[in-house]
Structures are given as structure tokens and as C-alpha cells.
Amino acid sequence: MAAPAAPPVPEPSVAPDDLDYRHRGSRVLVAEHQRGADATAIGRLAVQVPGFLVSLAVVSSIALGMFGDVAGTIVLLAWLASGALVFHRPTELAFARHVLKLRPPTPDERARLEPVWREVTARAGVEAHTYELMVENSDELNAVAAAGHVVGVTTYSLNRIPSSNLAAVLAHELGHHTGGHAWAGLLGYWYSLPGRVAWAFMRGMARIALAVSRVFSLAATGFLYLFLGITVVAGFLTMWYVTIPLVAAPYLLAHMGRRGELRADQQAAELGFARHLAEVLHHFQTEEAAARAAAEAQGQKLQDPGTLSRLLSSHPDHHTRLTALEPYLRLHR
């Protein structure tokens, strides 16, 4: 008896190419200013200034203490100059590959991605070759604007959503680049990193000291708690102009992040992708509703984000973003 035929292997789904290529084959007007730094980018840098000052003090003390005045000054100047690597193409690509896990697109992926990207950049008056297109192997609808010149999309975004929606996602990421959000965020993170590392080291040492004190006596532990508390309060009072901004920095950075997302949405809408971006946001809402329904079916209840979580979120909720898009949606009804 002949073995039953194997079921046919389904073809991978191909997203429809429904994009209005209004600039295909036409002369593109290139904007005089390709990108800059909007209020969100400047705000992100300003919020990071206290962290930079702490990092400067940390690097200075270590460099001068370990290497002496001349060599230590050279090390300090090298650290100060290292921020330029944010705009260095090989460094950016290495960061994208090894940290963000992005890869160059395959020939088929490039054939799918580049026409959409050229249409988006043409509408914005931006030269397409200014940026590096990269891909992340992921089943999630997502994209990223990284460093100074990297735009990454997931394989889901590339293969599973219509070209018009993909263009909206790319236009949003281009908005982060033209507004300076990507490089400002990475630059601020880099220059505040030594201070964060030093703070994490001090917290670790404090935990070790408390663990050791518990071995000896309760009194020693109490004395150490008192000493640490006095030290923290004294530092807070004497350097309040640094400590208060440091405490507020996570909330201010999150606020700037939410403003940056709305600004990038605005650019995508101004390029004619408001309806398509709204479709992407509705997709996220549908996924969240499905996850909530699945959890409730299993007897679980997903908690809504609290006030603190919302204040520390770098992205606005989907309802807020859709509301901000409403004026652009009305224009095309």
C-alpha cells in the first residue's frame, strides 16, 4: 500500500505591496537640513548633564590616581573624545550587530525593504543612503533607530505587514533620527555610564558590608545602617544641585522618551502615513487585548500599570498616540 502523500508545505505569507510610490521614477527634492536636534533631543542631553558630571569626577579620579597627571589627563581626554564613536559607521555597525543583535538584510529582504525605505526618505527629503538598514530575527512587530545612522526592522515587520504599514514604521524611526533622538540618547547613556557603574559598585560594597556586619552582631549592623544613612543624607544636602537632578533623571528621561515617540509619530503622519501608523497601533492594542483575554481564561488577572510604572515608561500608551494622530486622520477622511 502506498504511503499517504505528505501534506503540502504552506508558502510563507507575503505582505501585500500596497504602498503609494508617489516618488517612484521622479526627481526627489532633498531637504537642506537632513537632520538636527529638536527639543526632545536637547532635553535628553540636558537631563544627562548631572550624570555626566558624576562620570567626569569618577573617570578623573581613577585616571589621575592610577596614571599620574600627564597620562591620566590623556586618558581623561580620550574618554571625553570617545563620544564621537556614536557617529563612527564601523562602531555603529558593531554596536548594532553585537548589542542590538541586528544583521544585514539578505538580498530578498533588501529587495523588499529598500523600495519602501526610498519612498519614505523621498517624502522626507532625506538621502536614503545616509542610513544603514538592518534586520532583527524576531516574531514581533517592531523597529529601532540606533546610534547615528542605523535603522533596524524585525523579520515580522518586513514580511508580515503591508508595505504601507512598514513605511509608517520606517517613517517613525526616521523621525527619531532626523530629530536627533537616537544619537542624543546613546550619547547621554555613554557619558553617564561610569557614574552608574560607580553607583552600582558602591551599592554592592554596601550590601557586602551589611552582610558581614550581620555575622558579628545586631548592634554592628545597626551602626552601619546609621553610618550609611548619615552619609547619604549628608551627600544629598551638601550636593543637592547634583543629587536632586540625579534622582529626577529617570523620570525626566522617560518623559523625554514619550515626547520623542509622539514627535516621531508626528513626522510619520506629516509624510502621509497617519492612517497606516494608526493601523499598526491598533495591531498592538489587539495583541494586548488578546493577551489579557488569554490570561483571564486561565484564571489570571493582568494588573494595569501603576502610576510609577507609567512615569518610568519611555513610550506613551497606544490610546495617547492614537489621540495625537487624530488631527491627521481627520484630514484624510
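Scroll up to find the structure.
Residues numbered from 1 in each chain as written. Predicted model: local features only at pLDDT ≥ 70, side-chain atom pairs only at ≥ 80, totals over all residues. Heavy atoms only, no water.

1. Overview of helix 6 (residues 163–178)
Consideration 1: For helix 6, spanning 16 residues, the distance from its first C-alpha to its last is 22 Å, which sits close to the expected 22 Å at 1.5 Å a residue.
Consideration 2: Taking burial as the measure, the 16 residues of helix 6 include 16 buried ones, the bulk of the element.
Consideration 3: In the segment just after helix 6, Gly180 is the residue with positive phi, at about 80°. (Helix = DSSP H or I, 4+ residues; strand = E, 2+ residues; numbered from the N terminus. Expected span 1.5 Å × (residues − 1). Buried < 20%, exposed > 50% of the residue type's maximum accessible area, 1.4 Å probe, protein only.)

2. Quick notes on a negative patch on the surface
Consideration 1: Taken together, the side chains of Asp139, Glu140, Glu287, Glu288 and Asp317 make up a negatively charged region of the molecular surface.
Consideration 2: Within the secondary structure, Glu140 sits in the loop between strand 1 (132–136) and strand 2 (143–146). (Patch = residues over 30% accessible without salt bridge, like charges linked within 9 Å, V, L, I, M, F, W, Y side chains within 5 Å. Areas by Shrake-Rupley, 256 points an atom, 1.4 Å probe, with all protein chains shown as cover. Salt bridge = Lys/Arg side-chain N within 4 Å of Asp/Glu carboxyl O. Lys, Arg positive; Asp, Glu negative; His and termini not counted. Charge placed at Lys NZ, Arg CZ, Asp CG, Glu CD.)

3. Section: the side chain of Ser138
Consideration 1: Position of Ser138 relative to the elements: it lies in the loop between strand 1 and strand 2.
Consideration 2: Beyond its immediate chain neighbours, meaning those up to four positions away, Ser138 contacts Thr154, Thr155 and Tyr156. (Contact = heavy atoms within 4.5 Å.)

4. What to know about the sheet that holds strand 1
Consideration 1: Read across the sheet, three strands follow the order 1-3-2 without closing on themselves; strand pairing throughout is mixed. A strand with exactly one partner marks an edge of an open sheet, and here the two such strands are strand 1 and strand 2. Between one strand axis and the next, the sheet turns by 20° as a mean value, whatever way the strands run.
Consideration 2: Sheet analysis places strand 1 next to strand 3 (residues 150–154), joined by five bridges and oriented parallel. The partner of Met134 across the bridge, within strand 3, is Gly152.
Consideration 3: Docked against the sheet, helix 4 (residues 107–124) engages strand 1 and strand 3, running at close to 130° with respect to strand 1. (Pairing = 2+ DSSP bridges. Axes fitted to C-alpha atoms, helices over the stretch in contact; angles between N-to-C directions.)

5. What to know about the pairing of strand 2
Consideration 1: Summarising the sheet, strand 2 and strand 3 pair through four bridges and their orientation is antiparallel. If you follow Ala146 over to strand 3, its bridge partner there is Val150.
Consideration 2: Linkage of strand 2 to strand 3, two consecutive antiparallel strands, is achieved through a turn of three residues, within which Ala147 is found at a positive phi near 55°.

6. Topic: the packing of helix 4 against helix 6
Consideration 1: Remark: helix 4 packs on helix 6, axes separated minimally by 9 Å, with the N-to-C direction vectors making an angle of 55°. The angle between the axes of helix 4 and helix 6 places the two elements in the oblique class. For helix 4 against helix 6, the interelement crossing comes out right-handed. Listed contacts from helix 6 to Arg112, Leu113, Val116, Trp117, Val120, Thr121 and Ala124 of helix 4 are Ser163, Leu166, Ala167, Leu170, Ala171 and Leu174. (Parallel < 35°, antiparallel > 145°, perpendicular 65-115°, else oblique. Left-handed = near helix turned anticlockwise from the far one by under 90°.)

7. Considering a nonpolar patch on the surface
Consideration 1: Together, Trp199, Phe201, Met202, Met205, Ile208, Val212 and Phe216 give the surface a local cluster of nonpolar side chains, amounting to about 810 Å² of exposed area.
Consideration 2: The class for Met205 is partly exposed, based on a relative accessible area of 43%.

8. Structural notes on the environment of Ala278
Consideration 1: With respect to the helices and strands, the residue Ala278 is situated in helix 9 (residues 240–297).
Consideration 2: Exposure remark for Ala278: the relative accessible area of 5% places this residue in the buried category.
Consideration 3: Considering only alpha carbons, one finds Ala278 and Ala168, 110 residues apart in sequence, at a separation of 9.0 Å.
Consideration 4: Discounting chain neighbours no more than four positions away, the residues touching Ala278 are Leu322, Leu325 and Leu329.

9. A closer look at the packing of aromatic side chains
Consideration 1: As enumerated under the stated definition, the model contains five aromatic pairs in all.
Consideration 2: Ring geometry for Phe52 and Trp79: centres 6.0 Å apart, planes at 10°, overall stacked.
Consideration 3: Residue classification places Phe52 among the partly exposed residues on the basis of a relative accessible area of 24%.
Consideration 4: Relative accessible area serves as the criterion here: at 11%, Trp79 is assigned to the buried category.
Consideration 5: Ring geometry for Trp117 and Tyr131: centres 6.0 Å apart, planes at 90°, overall edge-to-face. Of this pair, Trp117 sits in helix 4 while Tyr131 sits in the loop between helix 4 and strand 1; the two residues are 14 residues apart in sequence, bridging distant segments of the chain.
Consideration 6: Relative accessible area serves as the criterion here: at 2%, Trp117 is assigned to the buried category.
Consideration 7: By relative accessible area, Tyr131 is classed as buried at 5%.
Consideration 8: By the ring-pair criterion, three or more aromatic residues cluster together here, those being Phe52, Trp79 and Tyr191. (Phe/Tyr/Trp six-rings, centres within 6.5 Å; stacked < 30°, edge-to-face > 60°.)

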